[in-house]
Amino acid sequence: MRVDQLWRYPVKSVGGEQLTAASVGVFGIEGDRGIAVRDEREEVTWAGAVPALMGLRAVTLGPGVAELVLPDSQRFRSDAPDAASRLSAAVQAEVTLVEHQPHRPDAALHVLTTTALHSLGSALPDSAMDASRFRPNLVLDDEPGDHATGYPEHDWIGRRMVIGTLRLRITEACDRCVMITRETPTVPHDRAVLRWVARELGNALGVYAAIERPGHVRIGDKARWLD
C-alpha cells in the first residue's frame with residue numbers, strides 16, 4: 001500500500017486541504033481541527049446542525065489560524081475582527097470561531113482505502129463520490145489490481161502499521177452520520193449514501209488509528225504491517 005491522499009481539516013466540520021506531507025503527533029496531523037465553530041449557546045457545533053459548514057473550505061495559515069474559503073470564493077482569516085459575522089452570514093446561523101483541542105488520541109487519524117471509495121462508487125453509481133464526503137486524513141491506495149473490491153480496512157482493527165516515520169495502530173471502525181450526506185465543494189447533498197452505508201456496512205466506513213510513534217508522512221510513502 002502507499003499514501004494516495006493526505007488531508008487536514010483546520011476547522012472542525014469545515015472542508016479541508018490536501019497536503020503533500022504532514023507531521024503527525026499523538027492527536028493527529030499537526031493543525032487538524034485546531035479551530036471549532038461555536039453556536040449561539042456557546043457550544044461547539046457541527047455540520048449535522050449547520051449543514052452549510054461543509055460547503056466551505058479552510059486552509060492553514062499558521063498555528064491556530066486558518067483562511068476560510070466561501071462557496072463564492074471570498075476568503076477571510078479566522079482571526080479577522082469580522083470573522084464571526086462573515087461566517088454567520090455564510091452559513092445562516094449565529095456562530096463564532098474558537099480554539100479547539102482534539103481529545104481522542106485513540107482516533108487521531110481517520111484512514112480510508114481507495115478500494116473502499118471505488119467499491120462504494122460502484123454500489124451507488126448515481127451518487128457522486130470522493131474523499132471530501134468522508135473526511136479522511138489518510139487515503140491509502142491498497143489495490144493490487146484493477147478489480148479489487150470491498151472494504152478491507154474493516155479487517156484491520158488491532159493491527160499496527162508503519163508509514164514513513166509514523167507508526168500507528170488501527171483502533172476502531174468509523175461510525176457514520178448525516179455528515180456524509182452533506183454538500184461539499186465537490187459533491188452534492190445525497191441521502192442515499194448514508195442509507196446504503198447503514199444498511200450494507202453496519203453504518204461503518206473507514207477506520208480510526210492511534211499514533212504509537214509520532215512522525216512524518218508524505219504522498220507516495222509505502223505502508224507496511226508490523227503484525
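Fair warning: this is a prediction, and the values are worked out from it, not measured in the lab.

**Concerning the packing of aromatic side chains**
And step 1. Taken as a whole and judged by the stated rule, the model has 3 aromatic pairs.
And step 2. Relative to Trp196, the ring of Tyr151 has its centre 6.4 Å away and its plane inclined at 45°; by these criteria the two rings are tilted. Of the two residues, Tyr151 is situated in the loop between strand 11 (138-141) and strand 12 (160-163) and Trp196 in helix 3 (residues 191-201); the sequence distance between them amounts to 45 residues.
And step 3. Residue classification places Tyr151 among the buried positions, given a relative accessible area of 16%.
And step 4. On the numbers, 5.1 Å between centres and 75° between planes, the contact of Trp156 with Trp225 is edge-to-face. Of this pair, Trp156 sits in the loop between strand 11 and strand 12 while Trp225 sits in strand 16 (residues 223-225), placing them 69 residues apart in sequence.
And step 5. Here Trp156 falls in the buried class, since its relative accessible area comes to 6%.
And step 6. On the basis of relative accessible area, Trp225 is assigned to the partly exposed category, the value being 25%.

**Quick notes on the sheet that holds strand 4 (residues 28-29)**
And step 1. On the basis of which strands lie adjacent, the open sheet formed by 3 strands has the order 4-3-15 and antiparallel pairing. Both edges of this open sheet fall to strand 4 and strand 15 (215-218), since each of them pairs with a single strand only.
And step 2. Sheet topology places strand 3 (residues 21-25) next to strand 4; 2 bridges connect them, and they run antiparallel. Residue pairing in the sheet places Gly25 in a bridge with Gly28 of strand 4.

**Quick notes on unusual backbone geometry**
And step 1. A positive phi angle, close to 70°, is found at Glu42, a residue other than glycine.
And step 2. Relative to the helices and strands, Glu42 resides in the loop between strand 5 (35-38) and strand 6 (57-62).
And step 3. Located in the positive-phi region is Ser73, a residue other than glycine, with phi close to 75°.
And step 4. On the secondary structure map, Ser73 appears in the loop between strand 7 (65-69) and strand 8 (75-77).

**A look at the nonpolar core**
And step 1. Ranked by internal contacts, the top residues of the largest apolar core, which has 22 residues, are Leu6, Leu109, Val111, Leu138, Ile163 and Leu168.
And step 2. Look past the residues within four positions of Leu109 in its chain and what remains in contact with it is Val24, Gly28, Ile29, Asn137, Leu138, Leu166, Leu168, Val207, Tyr208, Ala209 and Ile211.

**Structural notes on helix 3**
And step 1. Those residues of helix 3 not exposed but buried are Val193, Leu194, Trp196, Val197 and Leu201. Along helix 3, the residues classed as buried sweep out an arc of 165° about the axis, all on the same side. Opposite the packed face of helix 3, turned more than 90 degrees from it, sit the exposed residues Arg191, Arg195 and Arg199.
And step 2. The elements touched by buried residues of helix 3 are helix 2 (114-123) and strand 14 (204-213).
And step 3. For helix 3, the N-terminal cap is Asp190; the gap from its side-chain oxygen to the backbone nitrogen of Ala192 is 2.9 Å.
And step 4. Positive phi appears at Gly202, one or two residues downstream of helix 3, with a value of about 65°.

**Topic: the side chain of His100**
And step 1. Relative to the helices and strands, His100 is located in the loop between strand 9 (96-99) and strand 10 (109-113).
And step 2. Polar contacts involving the side chain of His100 include one to the main-chain carbonyl oxygen of Arg33, which spans 2.8 Å.
And step 3. Beyond its immediate chain neighbours, meaning those up to four positions away, His100 contacts Lys12, Arg33, Gly34, Ile35 and Ala36.

**What about the pairing of strand 3?**
And step 1. A one-sided burial pattern is seen for strand 3, the buried positions being Ala22 and Val24 and the unburied ones Ala21, Ser23 and Gly25.
And step 2. The pairing of strand 3 with strand 15 spans 4 bridges and is classified as antiparallel. Following the sheet pairing, Val24 is matched in strand 15 by Gly215.
And step 3. Connecting strand 3 to the antiparallel partner strand 4 that follows it, the hairpin turn spans 2 residues.

So, how was this worked out
- Residue positions are counted from 1 within each chain, in the order its sequence is given.
- Per-residue local features are limited, in this predicted model, to residues with pLDDT of at least 70; the limit for side-chain atom pairs, both in listing and counting, is 80 or more; totals at the level of whole chains, interfaces and linings are taken over all residues.
- Side-chain descriptors were evaluated using all non-hydrogen atoms of the structure, hydrogens and water having been removed beforehand.
- Aromatic pairs are defined between Phe, Tyr and Trp rings, using the six-membered ring for Trp, whenever the two ring centres lie within 6.5 Å; interplanar angles under 30 degrees are classed as stacked, those over 60 as edge-to-face, and all others as tilted.
- Per the convention used, a helix needs a DSSP run of H or I reaching at least four residues, while a strand needs a run of E reaching at least two, with both numbered from the N terminus.
- Residue exposure (1.4 Å probe, protein chains only): buried if accessible area is under 20% of the type maximum, exposed if over 50%, otherwise partly exposed.
- One bridge is not enough; two strands pair if DSSP finds at least two bridges between them.
- To define a nonpolar core, start from buried Ala, Val, Leu, Ile, Met, Phe, Trp, Tyr and Cys residues and group those joined through side-chain atoms within 4.5 Å.
- Any two residues whose heavy atoms approach within 4.5 Å at even a single point are treated as in contact.
- Throughout, the arc means that of the directions going from the helix axis to the C-beta atoms.
- Polar contact criterion, stated in full: a pair of N or O atoms within 3.5 Å, where within protein one must be able to donate a hydrogen and the other to accept it, and residues adjacent in sequence count only if both atoms are side-chain atoms.

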